[in-house]
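Structural overview for review
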Amino acid sequence: MRILLIGSGGREHALAWKIRQSPTVSHLYCAPGNAGTESLAENVPIDAADVRAMVRFAVEQRIDLAVIGPEDPLVAGLADELMAAGVRAFGPDKAAARIEGDKAWAKELMRHRSVPTGEARIFTKFRDARTYVASRDSAVVIKAAGLAKGKGVIVCEDPAAGILALERIMVQREFGPAGDVVLVEERLTGPEVSVLAFVDRHTIYIMETAQDHKPIGEGDTGPNTGGMGAYSPTGLLNDALIRQVEREVFVPIIDAMRTCDIVYRGVLYAGLMLTAGGPKVLEFNCRFGDPETQPLMMRLRTDLVEVMNAVIDDRLEEVTLDWSPRASVCVVIASGGYPGPCEHGRRITGLEAAAAVPETVVFHAGTRRVGADIVTAGGRVLGVTALGDDFAQARERAYRAVDCISFQRAYCRRDIGFRAVGS
Ligand code: AMP
Ligand code: GLY
């Protein structure tokens with residue numbers, strides 16, 4: 001099969017690594033890819049958001065399967081356009097991807113089906129939102145309803161901070177039209193977990209558990225990022241809780257979409273907070289998580305291409321997914337300044353030494369090749385991911401590899417998986 005993988009992050013490098021292991025693959029393209037995917041795939045310089053160019057390329061190259069990594073092209077309808085042009089695409093269509101692209105719609109669906117989630121009010125006018133926030137006396141979370149590169153959620157300690165956040169989103173329009181509609185949500189507390197599932201017309205298959213660390217600082221402090229590291233499995237969810245999440249979250253939300261004539265096919269990701277009142281949904285994503293995919297792909301033994309094809313054909317129930325029982329840890333190395341602006345173009349050294357650590361893969365995210373060098377090209381630069389017999393071994397290997405790598409102003413958290421220590 002000729003496969004086109006769309007995206008350029010750590011998630012896509014991990015997907016490319018896994019797809020490449022499938023005996024069914026004759027050629028793998030990655031558009032646009034990064035300096036890591038180029039060792040596994042032929043990188044093609046097409047922007048992931050350029051739907052027309054992507055469809056043209058897929059048709060010209062007789063692509064058998066297009067795998068769409070990031071949310072922006074999914075929400076823009078890339079899967080629909082590919083399918084219309086006769087190219088099989090893995091990832092939900094535009095109507096289904098709205099579950100991530102429109103948080104107000106997602107919240108209404110959840111509310112309608114009593115899916116456990118934070119209480120929220122939806123606003124389109126700054127004045128109304130401000131009046132409401134000013135009347136509250138507790139912490140609030142202000143969310144731009146549209147896609148904002150993972151930055152559109154601002155957790156505020158008090159109403160005054162909430163009003164500042166509303167101003168940023170609705171007046172200064174920091175996230176553009178993504179902030180036309182805003183949610184004001186109660187702040188929930190508790191550990192966060194990511195539950196990802198493969199979904200087709202008939203079946204929901206919940207994957208192994210993973211936990212992401214979103215805040216930039218150790219101990220989960222400071223501003224949120226796209227994710228500073230992840231590990232799998234996480235002891236935070238036992239079988240009973242997973243079944244509860246399937247029953248109370250996945251089944252009703254898929255069903256709610258079905259009543260709107262939407263068939264969800266792809267990966268559905270529920271970001272959950274384990275509150276004292278049980279698991280509650282923070283958000284849905286219409287794709288694999290980044291960096292959760294990195295440890296998950298290292299644990300998946302089944303051929304991913306086979307699973308993706310089964311999802312497209314509504315045959316997921318026929319596939320058995322086999323996971324390694326071992327632990328995996330991914331540590332993200334970011335550029336100094338991230339999640340704010342950071343400088344790019346710093347030369348990265350030590351990648352080979354890092355890759356020589358047993359059962360360790362250095363997944364690239366924001367990297368670029370310049371001549372013989374690999375240089376930084378983004379906020380999150382690398383996701384150093386290791387397997388181990390247990391969590392402690394995986395973590396020791398990941399950090400041993402991290403310590404081989406250097407570039408100017410490199411930053412990583414030293415505590416990835418701290419909640420799993422001792423588990
Ligand atoms: P989201 O993109 O909606 O997942 O939000 C990004 C991050 O913001 C989440 O991973 C949480 O850390 C935080 N967050 C979102 N909603 C809430 C909430 N209601 N209470 C507390 N934190 C939240
Ligand atoms: N790891 C968070 C996300 O993929 O959205």
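Everything in this summary refers to the structure shown in the same document. Each chain carries its own residue numbering, running from 1 in the written order of its sequence. Written order determines the labels here, with chains lettered from A and ligands numbered from 1. Totals for whole chains, interfaces and linings use all residues, but because this is a predicted model, local features are given only for residues with pLDDT of at least 70 and pairs of side-chain atoms are given and counted only at 80 or more. No hydrogens and no water enter the side-chain calculation; it runs on all heavy atoms of the structure.

1. With respect to the sheet that holds strand β3 (residues 42–43)
The pairing criterion is simple: DSSP has to find at least two bridges between the two strands. Only DSSP runs of H or I with at least four residues qualify as helices, and only runs of E with at least two residues qualify as strands; both kinds are numbered from the N terminus onward. One open sheet accounts for five strands, arranged β3-β2-β1-β4-β5; its pairing is parallel. The sheet is open, and its two edges are formed by β3 and β5 (89–90), each paired on a single side. Bridging between strand β2 (residues 27–32) and β3 involves two bridges; their strand directions are parallel. Bridging across to β3, Tyr 29 finds its partner in Glu 42. Running over the sheet, helix α1 (residues 10–20) touches β1 (2–7), β2 and β4 (65–68) and is turned about 165° from β1. Sitting on the sheet, helix α2 (residues 51–60) is in contact with β1 and β2, with an inclination near 165° to β1. Contacts were defined at the residue level, with two residues in contact if any of their heavy atoms lie within 4.5 Å. Between the N-to-C directions of two axes lies an angle of 0 to 180 degrees, each axis being a line fitted to C-alpha atoms and, for a helix, fitted only over the stretch in contact.

2. Topic: unusual backbone geometry
Between Ala 31 and Pro 32 the backbone carries a cis peptide bond, its omega angle lying at -5°. Positionally, Pro 32 belongs in strand β2. The peptide bond linking Tyr 338 to Pro 339 adopts the cis configuration, its omega dihedral lying at 10°. A positive phi is found at Lys 149, a non-glycine position, where the angle reads about 50°. Positive phi outside glycine occurs at Arg 173, with the angle close to 50°. Checked against the element boundaries, Arg 173 lands in the loop between α8 (159–171) and β9 (182–186).

3. Topic: the site of ligand 1
Taken together, 14 residues are adjacent to ligand 1, and Glu 185, Glu 186, Leu 188, Glu 192 and Glu 283 come closest. At a separation of 3.4 Å, an oxygen atom of ligand 1 approaches a polar side-chain atom of Lys 103. Two N or O atoms form a polar contact when they lie within 3.5 Å of each other; inside protein one atom must be a possible hydrogen donor and the other a possible acceptor, and for residues adjacent in sequence the pair counts only when both atoms belong to side chains. Between a nitrogen atom of ligand 1 and a main-chain N or O atom of Leu 188, the distance comes to 2.8 Å. Where accessible areas are quoted, they stem from the Shrake-Rupley method and a 1.4 Å probe; at the residue level, only the protein chains shown are allowed to cover. Taken by itself ligand 1 offers 460 Å² of open surface, and the protein chains cover 93% of this. Listed by contribution, the elements that provide at least two residues to the shell around ligand 1 are β7 (140–144), β8 (153–156), β9 and β17 (278–285). Only Asp, Glu, Lys and Arg are considered charged, only Ala, Val, Leu, Ile, Met, Phe, Trp, Tyr, Cys and Pro nonpolar, and every remaining residue, Gly among them, polar. Classifying every residue of the shell around ligand 1 gives five nonpolar, one polar and eight charged. Residues are classed as near a molecule or strand on a simple rule: at least one heavy atom within 4 Å of it.

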